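So the chains spell out like this:
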Amino acid sequence: MAFEQIKLLVQFFYSPKKAASGVLDHGSFAFALICSLLVAAAVSVGALKSEADAYPKLVEKYLAEYKASPPALPPQIQDMEIDAEDPAAALPRDGVDPRLRVIASRRASREIGRLYFGSSWRSLAMIAVLFVPACLILGAIWAHLGSATTVLFRDYMPLLVNCLFAWTASHLPVAILWYTGLLTSPLAIQASQLAGSLGFLVLSAFCMESVLGVGFGQAFGLAVAGVGASMAGGM
């Protein structure tokens, strides 16, 4: 049983249409859920390791800038008391105004935050709560598959299982690269996330083609629309 599920997952890398059809017939929700959670955990751990490595380097980089050209202190921190629990307080002291360390710390946190599009856990939740229902409702309207309620009750679980397989396959390389620390540059980190997201978009289209019985072009359009609806609903 497990070997068959692993075979279906691997098949998404070289024959996604056949893999989606196989998942529709033999895919296990439990296997898809466990695998997607494991990949999400690996991605999250890798992101935390990258953040922990990049944070002090960015703080020191910004402090070097501030030493050369001290910035104007924002009004809200001009008279603030430095909290000993602030992450900046743990950095080496070298005569720099502690308030500049706070500014550098906050700037580094914002810079790191921009490297990541969103947590993997949030992505999985959005697939289940927003993406799959949106694609089914839009498919019912666009492809004339029946009433939205009927399509949701009939195809929600098959499409969810397929999409979890697709998300796992598209983000497994990202998880490996991040967890092993092979990606360190901001550009590489962002590029890997973009590749994973685009990979899921394409693979989910194969899933919808199989589950809904529509053409690939229409399925891809539904996937794009579903991503847009998910982003709008997740704001």
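Just above, that's the structure.
Everything numeric here is computed off the predicted structure, so don't read it as measured data.

(A) Structural detail: the overall build of the protein. What the protein contains, in helices and strands, is nine helices and zero strands. Counting helices and strands in the order they occur from the N terminus, the protein gives α-α-α-α-α-α-α-α-α. Put simply, the protein has 235 residues, and 41% of those count as buried. Considering only contacts within the protein whose residues lie at least 6 apart along the sequence, 74% involve residues at least 24 apart.

(B) Helix H8 (residues 186–212), seen in detail. Here H8 contains 27 residues, and its C-alpha end-to-end distance of 38 Å stays within 8% of the 39 Å for a straight helix at 1.5 Å per residue. Among the residues trailing H8, Gly213 stands out with phi positive, at a value near 75°.

(C) Main features of unusual backbone geometry. Phi is positive for His144, close to 55°, though the residue is something other than glycine. Mapped onto the elements of the fold, His144 is located in the loop between helix H6 (120–142) and helix H7 (148–179). Exposure remark for His144: the relative accessible area of 69% places this residue in the exposed category.

(D) Just the packing of aromatic side chains, in detail. Summed over all chains, the structure comprises five aromatic pairs. The structure contains a cluster of three or more aromatic residues connected by ring pairs, namely Phe12, Phe31 and Phe165.

(E) Spatial organisation of the pattern of salt bridges. According to the stated counting rule, one finds two salt bridges in the structure shown. Linking Glu209 and Lys17 is a salt bridge whose minimum nitrogen-to-oxygen distance equals 3.8 Å. Here Glu209, found in helix H8, pairs with Lys17, found in helix H2 (residues 16–26); they are 192 residues apart in sequence, far enough to count as distant. Across the pair Arg154 and Asp155 runs a salt bridge, and its minimum N-O distance is 3.1 Å. Of the residues examined, Asp155 reaches a relative accessible area of 7% and is grouped as buried.

(F) View of the packing of helix H1 (residues 2–11) against H2. The geometry of H1 relative to H2 is characterised by a closest axis approach of 8 Å and an angle of 150° between their N-to-C directions. For the element pair H1 / H2, the angle class is roughly antiparallel. Classified by chirality, the crossing of H2 by H1 is left-handed. Counting all contacts with H1, which are made through Glu4, Gln5, Leu8 and Gln11, the residues of H2 involved are Pro16, Lys18, Ala19, Gly22, Val23 and His26.

What counts, and where the lines are drawn
- Throughout this document, residue positions are counted from 1 along each chain, in the order its sequence is written.
- Local features in this predicted model are restricted to residues whose pLDDT is 70 or higher, and side-chain atom pairs enter the listing and the counts only when it is 80 or higher, whereas totals over whole chains, interfaces and linings include all residues.
- The side-chain quantities take in all heavy atoms of the structure and omit both hydrogens and water.
- For helices the rule is a DSSP run of H or I covering at least 4 residues; for strands it is a run of E covering at least 2, with both sets numbered from the N terminus onward.
- When a residue's accessible area, from a 1.4 Å probe over protein chains only, is under 20% of the maximum for its type it is buried; when over 50% it is exposed; and in between it is partly exposed.
- The criterion used for residue contact is that any of the two residues' heavy atoms lie within 4.5 Å.
- A helix is expected to span 1.5 Å for every residue after the first.
- Any pair of Phe, Tyr and Trp rings, taking the six-membered ring for Trp, is counted once the centres come within 6.5 Å. Such a pair is stacked with planes under 30 degrees apart, edge-to-face with planes over 60 apart, and tilted for the rest.
- Think of a salt bridge as a Lys or Arg side-chain nitrogen and an Asp or Glu carboxyl oxygen that are within 4 Å of each other.
- Angles here are taken between N-to-C directions and fall from 0 to 180 degrees, while the axes themselves are lines fitted to C-alpha atoms, restricted in helices to the stretch in contact.
- Note that the term roughly parallel is reserved for angles under 35 degrees, roughly antiparallel for angles over 145, roughly perpendicular for angles of 65 to 115, and oblique for everything else.
- Left-handed is the label given to a crossing in which the near helix is rotated counterclockwise from the far helix by less than a right angle, and right-handed is the label when the rotation is clockwise.

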